[in-house]
Amino acid sequence: MSDTPPPGNAPEGRPGIGRVEAFSDGVIAIIVTIMVLELHPPVSEGMDKLWTLWPVFLAYVLSYAYVAIYWVNHHRMFSHATRVSNGLIWSNMLLLFSLSLIPFSTSYLGEHHFNRDGTILYLCTMLFPAAAYVSLQTIIRRTGKQGPDSIAYHRQTTRKGVFASLVYIAGVPLSFVSPWLGIACAALVAILWFLPSSPLDRLFDGRAGQEPR
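Keep in mind that what you see is a predicted model, and the values were worked out from it rather than measured. Position numbers for residues count from 1 along each chain, tracking the sequence in the order it is written. Given that this is a predicted model, residues contribute local features only at a pLDDT of at least 70 and side-chain atom pairs are listed and counted only at 80 or more, while totals for whole chains, interfaces and linings are drawn from all residues. Heavy atoms from the whole structure form the basis of all side-chain values; hydrogens and water molecules are not counted.

**Student:** So what's going on with the pattern of salt bridges? Which residues, and what values?
**Tutor:** For this analysis, a salt bridge means a side-chain nitrogen from Lys or Arg found within 4 Å of a carboxyl oxygen belonging to Asp or Glu. In total, this model carries one salt bridge according to the counting rule given. Among the ionic pairs, D117 bridges to R116, the shortest N-O distance being 3.7 Å. Here's how the labels work: a residue is buried when its accessible area is under 20% of the maximum for its type, exposed when over 50%, partly exposed in between, all with a 1.4 Å probe on protein chains only. In this structure R116 comes out as partly exposed when scored by relative accessible area, which is 39%.

In structure tokens:
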């Protein structure tokens, strides 16, 4: 994908970046809405009937956390972008497409009570946006801000993204041993990205073993 601006248009600065972010926010809001609409209450009364929905609700909570993490980090990453290019637009669309698959795999995982096939599908669905995010960040890293803070941010988060992808991949064979091992891999990635800054981050920015500044 080219990093040149769309044909016939001058390079867009921060206003163009804002429009891309606004569109992304809308798509992510729709994704969350679709997920919550999959939470159907039981027809029969009683807490015992309600309790049977725990796999569906747990899958929803896990996926909601993931979508929230992507939205937060998408916002942080775009604060380092300076212009809109074809590469940025289409890489962002690829990321949004991959995120739009999460409601399907979430529903499948919950309805099939975290079985092996559901877990493998879920991990593959999570691997897709992880790879798309790294691709988008590569473009922003090349065309966006080049200051020391931006360079350090991209170095750290790109390494985290690659590591997250490897964890998802490792979760697939582990799911054949136990589906919960695969879910544990997905949860590990969520924990890794949940906090904006943690001691774990020093493992990805070359400051492992050093005292935080």
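**Student:** Describe the packing of helix 3 (residues 54–78) against helix 5 (residues 102–111), with residues and values.
**Tutor:** Running from N to C, helix 3 and helix 5 point in directions that differ by 150°, and their axes come no closer than 7 Å. Judged on the interaxial angle alone, helix 5 and helix 3 are roughly antiparallel. For helix 3 against helix 5, the interelement crossing comes out right-handed. Of helix 5, the residues touching helix 3 (which contributes P55, V56, A59, Y60, S63 and V67) are I102, T106, L109, G110 and E111. Throughout, the ten residues Ala, Val, Leu, Ile, Met, Phe, Trp, Tyr, Cys and Pro are labelled nonpolar, Asp, Glu, Lys and Arg are labelled charged, and all others, Gly among them, are labelled polar. Counted by class, the contact of helix 3 with helix 5 contains seven nonpolar, three polar and one charged residues. All axes are obtained by fitting lines to C-alpha atoms, using only the stretch in contact for helices, and the reported angles, taken between N-to-C directions, cover 0 to 180 degrees. Here a strand is any run of E in DSSP of at least two residues, a helix any run of H or I of at least four, and the numbering for each starts at the N terminus. Should an angle fall under 35 degrees it is taken as roughly parallel, and over 145 as roughly antiparallel, whereas 65 to 115 is taken as roughly perpendicular and any remaining angle as oblique. Rotating anticlockwise by less than a right angle from the far helix to the near helix defines a left-handed crossing, while the corresponding clockwise rotation defines a right-handed one. When checking whether two residues touch, look at their non-hydrogen atoms; a contact exists if any pair is within 4.5 Å.

**Student:** Please provide a residue-by-residue account of the side chain of S150, values included.
**Tutor:** Residue placement: S150 occurs in helix 7 (residues 148–177). Exposure remark for S150: the relative accessible area of 5% places this residue in the buried category. Not counting chain neighbours up to four residues away, the residues in contact with S150 comprise H80 and K145.

**Student:** Break down helix 7 for me, citing the residues and quoting the values.
**Tutor:** For helix 7, with 30 residues, the first-to-last C-alpha span of 44 Å sits near the 44 Å given by 1.5 Å per residue. Roughly 30° is the biggest bend found in helix 7, and it falls at G171, with proline P173 one to four residues downstream. Expected helix span is computed as 1.5 Å times (number of residues minus one). At every residue, the bend is computed as the angle between two fitted axes, covering the seven residues ending there and the seven beginning there respectively.

**Student:** Pulling in residues and values, what's your account of the packing of helix 6 (residues 116–143) against helix 7?
**Tutor:** Between helix 6 and helix 7, the shortest axis-to-axis distance is 9 Å and the interhelical angle comes to 160°. Taken together, the axes of helix 6 and helix 7 lie roughly antiparallel to each other. With respect to the hand of their crossing, helix 6 and helix 7 are arranged in left-handed fashion. Class assignment of the residues belonging to the contact of helix 6 with helix 7 gives a composition of 15 nonpolar, nine polar and three charged.

**Student:** An account of the environment of D25 is requested, with residue identities and associated values reported.
**Tutor:** Topologically, D25 is positioned in helix 1 (residues 14–37). Since its relative accessible area comes to 33%, D25 is described here as partly exposed. For the pair D25 and H75, spaced 50 residues apart in sequence, the C-alpha to C-alpha distance is 9.1 Å.

**Student:** Describe the packing of aromatic side chains, with residues and values.
**Tutor:** Here is the rule: rings of Phe, Tyr and Trp (six-membered ring for Trp) pair when centre to centre is within 6.5 Å. Planes less than 30 degrees apart are stacked, more than 60 are edge-to-face, and the remainder are tilted. Within the structure shown, the criterion is met by 10 aromatic pairs. Centroid distance Y60 to Y64: 5.9 Å. Interplanar angle 50°. Geometry classified as tilted. Pair noted here: Y60 and Y64 are both in helix 3, with a separation of four residues, about one helical turn. A relative accessible area of 13% places Y60 in the buried class. Ring-pair connections join several aromatic residues into one group, and the members of that group are W54, F114 and W180. Against the face of W193 rests K160, its NZ or CZ located 4.4 Å from the ring centre. Whether a charge lies above a ring is judged from NZ of Lys or CZ of Arg, which has to be within 6 Å of the ring centre and within 35 degrees of the ring normal.

**Student:** I'd like a description of unusual backbone geometry, backed by residues and values.
**Tutor:** Positive phi values are uncommon outside glycine, yet H113 reaches one of about 55°. Unlike most non-glycine residues, F114 shows phi in positive territory, near 55°.

**Student:** I'd love a proper account of helix 4 (residues 86–100), names of residues and values included.
**Tutor:** The terminal C-alpha atoms of helix 4, which comprises 15 residues, lie 21 Å apart, in line with the 21 Å expected from a rise of 1.5 Å per residue. Buried residues of helix 4: N86, G87, L88, S91, N92, L95, L96, S98 and L99, and no others.

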